Protein chains: 2
Amino acid sequence: MNKISENRSFGGWHRQYEHASAVLDCRMRFAVYLPPQASVETPVPVLYWLSGLTCTDENFMQKAGAQRMAAELGIAIVAPDTSPRGDGVADEDRYDLGKGAGFYVNATEAPWSKHYRMYDYVVNELPALVEQEFPVTRVRAISGHSMGGHGALTIALRNPERYVSMSAFSPIANPSNCPWGELAFTTYLGADREVWKGHDTVELLKTTAARIPALVDQGSADSFLAEQLGTDTLEQTVAATDYPMTVRRQDGYDHSYYFIASFIEDHLRFHADHLKAAQ
Amino acid sequence: MNKISENRSFGGWHRQYEHASAVLDCRMRFAVYLPPQASVETPVPVLYWLSGLTCTDENFMQKAGAQRMAAELGIAIVAPDTSPRGDGVADEDRYDLGKGAGFYVNATEAPWSKHYRMYDYVVNELPALVEQEFPVTRVRAISGHSMGGHGALTIALRNPERYVSMSAFSPIANPSNCPWGELAFTTYLGADREVWKGHDTVELLKTTAARIPALVDQGSADSFLAEQLGTDTLEQTVAATDYPMTVRRQDGYDHSYYFIASFIEDHLRFHADHLKAAQ
């Protein structure tokens with residue numbers, strides 16, 4: 001693992017690292033924010049942040065304004081990239097498939113299955129590395145935006161023993177029933193819609209016995225709301241299953257990081273309550 | 001003036017506009033953040049933010065995390081671009097001269113003098129437009145980063161009747177004596193160093209009778225500190241002139257927006273105190 005940049009931020013440190021990922025079979029970059037409280041004597045819990053289509057580790061760290069509250073609350077934040085990277089990695093000349101669009105699944109279809117295993121990377125390989133290298137505990141929460149909101153919710157729902165809380169901004173909540181999700185799942189997972197259910201928040205909510213506290217924010221002026229995000233279906237499923245998820249509609253907000261920045265404090269405080277209770 | 005984007009942010013609005021600048025003789029883009037308090041009945045004061053080399057109106061609005069405090073304090077923020085733009089505008093194939101590097105002066109040398117009049121644009125044309133089009137008062141403060149810190153301090157010092165307070169992050173405080181400044185001033189203003197003094201914070205501090213309250217933050221790990229910024233000279237001049245400027249050295253911080261984001265709240269609170277006293 002090589003440190004490739006660092007910036008002091010709110011008394012802590014933002015750092016970028018590069019490492020060889022065995023799971024993804026390529027070199028990967030990720031970012032970590034370590035709050036001032038983090039030390040070997042006082043390790044801190046970790047919030048994993050999963051970004052959306054076209055993003056890297058940088059978008060959230062540069063634009064969300066999360067470090068202020070992370071420093072105040074004593075939470076580390078880890079932001080992976082959104083797909084495998086490198087010259088040998090399969091790609092498509094579009095923003096919603098291939099590089100920058102890993103969808104946090106393990107691809108089973110050629111040529112994607114060689115590298116596109118973001119699910120295993122986020123669930124297992126990256127946390128193991130983070131917990132080995134940094135002064136952090138094994139108490140974890142997870143959040144994300146859009147494709148990354150889908151990733152955060154599905155990964156937590158499939159691994160309730162690994163996360164104390166989950167949240168999302170503008171998640172692709174029902175990817176089995178929207179253009180982005182149908183394209184990605186057909187391409188990465190094949191045509192069997194039963195398989196897709198294992199990576200669909202709405203479908204997982206219907207069957208899970210676990211109860212992970214969850215917070216979702218969705219802007220009313222989000223240009224992807226009607227076609228891609230499935231928020232109505234998410235709300236109906238939450239109500240039908242009595243799942244402990246608060247879904248908030250935020251009037252006038254769009255799909256951008258201006259929206260995320262406006263409400264990231266609420267998400268960090270929400271996760272902090274659960275992270276501290278689990279310490 | 002055409003609105004080209006808008007995003008709801010902390011209950012207010014971030015918007016980008018394009019307009020024909022008579023002073024710069026080209027089309028220009030700028031950004032404005034209007035806090036929720038801004039209305040025709042309750043106009044708000046304005047903080048002008050001047051960005052550094054290579055930046056546009058976007059860097060500060062996306063990365064500084066300023067909207068949260070601007071919304072809380074009821075301050076609008078206006079961020080112009082850093083140079084004239086467009087195909088017909090003179091340029092050099094380098095980051096520290098030409099487009100993205102206007103240095104907030106009125107160029108007198110060919111071919112720059114046709115468009116590079118960022119001083120007049122920031123002092124007169126842009127505020128006149130802003131005060132005509134938005135629900136703001138004529139109470140103004142000014143701040144900036146690096147080249148924009150230079151711009152903010154020199155513009156306020158030359159126009160004390162127009163600004164109630166000034167601040168800067170990592171300003172080029174003594175451009176007459178650093179490589180960035182010597183290149184830009186030679187190119188835009190010519191070889192006469194007496195002329196340069198009119199756009200050099202350290203030189204202006206020595207001669208001004210005005211006393212504009214000022215706050216400057218400078219990171220100790222700033223890679224440009226030794227060669228470009230002149231902070232030692234600034235501190236010595238502030239002490240020798242008993243100028244009301246607080247210069248803070250921030251241990252471990254660099255030249256990036258991670259530094260700005262860490263201390264922007266202090267700057268907004270500093271300006272708010274003076275803006276509100278002047279309402």
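Source: prediction; values computed, not measured.

An account of the sheet that holds strand β2 (residues 12-21) of chain B is needed here, citing residue identities and associated values.
Residues and elements named next belong to chain B. In space, the nine strands of this open sheet follow the order β1-β2-β3-β5-β4-β6-β7-β8-β9, with mixed pairing throughout. Looking along the sheet, the strands with just one partner apiece sit at the ends: β1 (2-9) and β9 (245-250). Each adjacent strand pair in this sheet contributes to an overall mean axis angle of 20°, direction not counted. Relative to strand β5 (residues 76-80), strand β4 (residues 44-50) is paired through three bridges, and the arrangement is parallel. Within β5, the position partnered with Val46 by the bridge is Ala76. Taken strand by strand, helix α4 (residues 147-158) contacts β4, β6 (136-145), β7 (165-169), β8 (214-219) and β9, and its axis lies near 135° from that of β6. Contacts from helix α10 (residues 257-278) reach β4, β5, β6, β7, β8 and β9 within the one sheet, and its direction differs from that of β7 by about 175°.

Quick rundown of the relation of the copies chain A and chain B? Include the residues and the values.
When chain A is fitted to chain B, the residual RMSD is 0.0 Å, and the transformation amounts to a turn of 180° plus an axial shift of 0.0 Å. The superposition operator between the copies reduces to a two-fold rotation axis. Here 100% of the interface residues in chain A have copies in chain B that are interface residues too; the copies meet face to matching face.

Which residues make up the interface of chain A and chain B, and what values do they have?
Where interface size is quoted, it is often the accessible area lost as the parts come together. Counting residues at the interface gives 23 residues for chain A and 23 residues for chain B. Among the residues of chain A in contact with chain B, Arg8, Gln62 and Tyr258 of chain A are the three that bury the most area, contributing 37% of the side total. Scanning the region where chain A abuts chain B turns up two salt bridges. When the shortest N-O distance is used, the salt bridge between Asp251 of chain A and Arg8 of chain B registers 3.9 Å. Elements with a minimum of two residues in the side of chain A that touches chain B: β1 (2-9), β2 (12-21), α1 (58-63), α2 (67-73) and α10 (257-278) of chain A. The element contributing the most residues to the side of chain A that touches chain B is α10 of chain A, with five residues.

Outline the UniProt feature "active site" (unreviewed entry) in chain A, supporting the account with residue identities and numerical values.
Residue and element names in this part refer to chain A. In the numbering adopted here, UniProt assigns the feature "active site" (unreviewed entry) to Ser146, Asp222 and His255. The largest pairwise C-alpha distance within this set of annotated residues, which runs over 110 residues, is 10.7 Å, so the set is compact in three dimensions. Residues within four places of Asp222 in sequence aside, it is in contact with Ser170, Leu229, Tyr253, Asp254 and His255. In terms of polar contacts, Asp222 uses its side chain to reach the side chain of Gln218, at 3.1 Å. Note on placement: His255 falls in the loop between β9 (245-250) and α10. Setting aside residues up to four positions removed in sequence, His255 forms contacts with His145, Ser146, Ser170, Asp222, Phe224 and Leu229.

Conventions used here
- Residues numbered from 1 in each chain as written.
- Chains lettered and ligands numbered in written order.
- Predicted model: local features only at pLDDT ≥ 70, side-chain atom pairs only at ≥ 80, totals over all residues.
- Heavy atoms only, no water.
- Pairing = 2+ DSSP bridges.
- Helix = DSSP H or I, 4+ residues; strand = E, 2+ residues; numbered from the N terminus.
- Axes fitted to C-alpha atoms, helices over the stretch in contact; angles between N-to-C directions.
- Contact = heavy atoms within 4.5 Å.
- Least-squares fit on C-alpha atoms with pLDDT ≥ 70 in both.
- Buried area = accessible area lost by both parts, 1.4 Å probe.
- Salt bridge = Lys/Arg side-chain N within 4 Å of Asp/Glu carboxyl O.
- UniProt positions renumbered as here; feature names shortened; annotations may be inferred.
- Polar contact = N/O pair within 3.5 Å; in protein donor to acceptor, adjacent residues only side chain to side chain.

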